[in-house]
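The primary structure of each chain is shown beneath.
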Amino acid sequence: MTHPTSADFTLAVHGGAGTILRSKMNAEREAAYHAGLRRALDAGRVVLADGGRAVDAVTAAVMALEDEPLFNAGRGAVYTSAGKQEMDAAIMDGSDRAAGAIAGICGPRNPILAARAVMEKSDHVFLIGESAMAFCRDTGIAFEDATYFFTDQRWNALQETLAMRRSGAEDLDESRKHGTVGAVARDRNGHLAAATSTGGMTAKSPGRVGDSPVIGAGTWADDGTCAISATGHGEIFIRYAAAHDIAARMRYAGQSLEEAARHVVVDVLAPVGGSGGLIAVDRDGQFSLPFNCSGMYRGVVTADGILRTAIYDEPLRDVS
Ligand code: ASP
């Protein structure tokens, strides 16, 4: 949905999409998700309200989501089939298309800061694995050990997924596989930025990299069109260049953000098994938050300062 707004800044965040079953929720858990999204919105809002840059706002918002163990990024990231956490993240600044990404790391407290360091302190866009870790250490960003990142919930999800695999049963619970966090923003100077961070998918093969850190697939920002952060079945989002497809539809076909974003999520990705969704903002501050599954943790704040969030197929609301 796009909500016309005269606001001079817009920030949208997500905490992943999937089969978010009401039966697995209770009021307390739901409130915790809303509170986590609100903290992220507020962290970014402070930057934007102060006239700060979109790239700083999405960094602040994603850091807040990474710190929150409920979401699959940073603390609380999911486990690979080998019982390790391998995190991916990317950031893109729409003002000059600067971008930074990392994949397959575990150590930096906030993987989005690692991606940002790649963007700002290296000659490269994408660093992976052990060498990326060495680079991160050199930049001086904060590190944590495995106990900081551990959560019972993710560890148990891995054990259940592996048990199902051993018994030959298919894991139909998408909510166990999905999850990612992200933010997109348009600042008061009309600049756009996007940031995405994830643990990937539960029980993924060691070394597997999804769409989140792939520029043009799970993350995109370009002041001429839009900023996008995606969440969902990463392999499909990569194959369909999901985020860039939306920008291209706007640039070359003159589509609106809403038209382009909805088309890609509903008509392109869904039919080929690309379950998930994305958050998008355009150069005018319009936003679109389409998803093709039962829910997506999401929220938006504009210059009125009201933090609006939603989980299921429902309107955004102020749950303060
Ligand atoms: N897109 C992420 C990945 O494939 C997972 C997710 O967003 O649910 O790694």
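Residues numbered from 1 in each chain as written. Predicted model: local features only at pLDDT ≥ 70, side-chain atom pairs only at ≥ 80, totals over all residues. Heavy atoms only, no water.

A. Summary view of the nonpolar core. Of all hydrophobic cores here, the largest spans 52 residues; its most connected members are L11, V13, V58, I91, I102 and Y297. Broken down by element, this core gets its largest block of residues, eight residues, from helix 2 (residues 54-67). The next biggest cluster of nonpolar side chains, apart from the first, holds 38 residues, and it includes A243, M250, L257 and A310. (Core = buried A, V, L, I, M, F, W, Y, C linked by side-chain atoms within 4.5 Å. Buried < 20%, exposed > 50% of the residue type's maximum accessible area, 1.4 Å probe, protein only. Helix = DSSP H or I, 4+ residues; strand = E, 2+ residues; numbered from the N terminus.)

B. Quick peek at the site of the ligand. G179, T180, R208, D211 and G232 are the nearest of the twelve residues found near the ligand. A distance of 2.6 Å separates an oxygen atom of the ligand from a polar atom in the side chain of T180. Side-chain polar atom of D211 to a nitrogen atom of the ligand: 2.6 Å apart, as the coordinates give it. Look at the ligand: alone it shows 270 Å² of surface, and the protein chains cover 100% of it. (Near = heavy atom within 4 Å. Polar contact = N/O pair within 3.5 Å; in protein donor to acceptor, adjacent residues only side chain to side chain. Areas by Shrake-Rupley, 256 points an atom, 1.4 Å probe, with all protein chains shown as cover.)

C. Highlighting the sheet that holds strand 9 (residues 276-282). Within the open sheet, the four strands sit side by side as 7-8-9-10. Their pairing is antiparallel. Each having just a single partner strand, strand 7 (219-221) and strand 10 (287-288) make up the two edges of the open sheet. Looking at chain direction, strand 9 and strand 10 are connected through two bridges and run antiparallel. Residue pairing in the sheet places A280 in a bridge with S288 of strand 10. Relative to the sheet, helix 9 (residues 242-253) contacts strand 7, strand 8 (226-232) and strand 9, its axis offset from that of strand 8 by approximately 145°. Against the sheet, helix 10 (residues 257-269) engages strand 8, strand 9 and strand 10, with an angle of about 165° to strand 9. (Pairing = 2+ DSSP bridges. Contact = heavy atoms within 4.5 Å. Axes fitted to C-alpha atoms, helices over the stretch in contact; angles between N-to-C directions.)

D. Quick peek at the pairing of strand 1 (residues 10-18). For strand 1, a buried count of nine out of nine residues is recorded, marking the element as mostly surrounded by other parts of the structure. For strand 1 and strand 11 (residues 295-302), the ladder comprises seven bridges, and the chain directions are antiparallel. Residue pairing in the sheet places G18 in a bridge with G295 of strand 11. As paired elements, strand 1 and strand 5 (residues 181-186) share five bridges and run antiparallel to each other. Directly across from L11, in strand 5, lies its bridge partner A185.

E. Representation of the side chain of T151 within the structure. By secondary structure assignment, the location of T151 is in the loop between helix 5 (146-149) and helix 6 (152-166). In this structure T151 touches P69, G76 and Y79, once residues within four positions along its chain are discounted.

F. Helix 6, seen in detail. If you check helix 6, its first and last C-alpha atoms are 21 Å apart, about what 15 residues at 1.5 Å a residue would give, namely 21 Å. Of the positions making up helix 6, those classed as buried are R154, A157, L158, T161 and L162. An end-on view of helix 6 places all buried positions within 130° of arc, on one side of the element. Turned more than 90 degrees away from the buried face of helix 6, the exposed residues are D152 and R166. Once helix 6 ends, the next one or two residues include G168, with phi positive near 80°. (Expected span 1.5 Å × (residues − 1). Arc of directions from axis to C-beta.)

G. Just the state of the cysteines, in detail. Using the criterion set out here, one finds zero disulfides in the structure. For the unlinked cysteine C136, the closest cysteine sulfur is that of C106, found at 11 Å. For C226, which is in no disulfide, the shortest distance to another cysteine sulfur is to C293 and amounts to 20 Å. Looking at C226, the relative accessible area reads 0%, which means it is buried. (Disulfide = S-S within 2.5 Å.)

H. Up close: a nonpolar patch on the surface. The grouping of V125, F126, I128 and V209 at the surface amounts to a nonpolar patch, some 320 Å² of accessible area in total. Here V209 lies in the loop between strand 6 (192-198) and strand 7. According to the relative accessible area criterion, V209 is partly exposed, its value standing at 32%. (Patch = residues over 30% accessible without salt bridge, like charges linked within 9 Å, V, L, I, M, F, W, Y side chains within 5 Å. Salt bridge = Lys/Arg side-chain N within 4 Å of Asp/Glu carboxyl O.)

I. Broad picture of the packing of aromatic side chains. Under the counting rule described, the total for this entry stands at seven aromatic pairs. Ring geometry for Y79 and W155: centres 5.0 Å apart, planes at 90°, overall edge-to-face. Taken together, the residues Y79 in the loop between helix 2 and strand 2 (87-93) and W155 in helix 6 connect sequence positions 76 residues apart. Judged by relative accessible area, which is 31%, W155 ranks as partly exposed. Aromatic side chains F150 and W155 sit 6.3 Å apart centroid to centroid with 45° between the ring planes, which places their arrangement in the tilted category. Connected via pairs of aromatic rings, a cluster forms that spans Y33, F71 and Y297. (Phe/Tyr/Trp six-rings, centres within 6.5 Å; stacked < 30°, edge-to-face > 60°.)

J. Region of the structure containing unusual backbone geometry. A positive phi angle, close to 60°, is found at R97, a residue other than glycine. Checked against the element boundaries, R97 lands in the loop between strand 2 and strand 3 (98-105). Classification of R97 as partly exposed rests on a relative accessible area of 42%. At A203, a position not held by glycine, the phi torsion is positive, near 65°.

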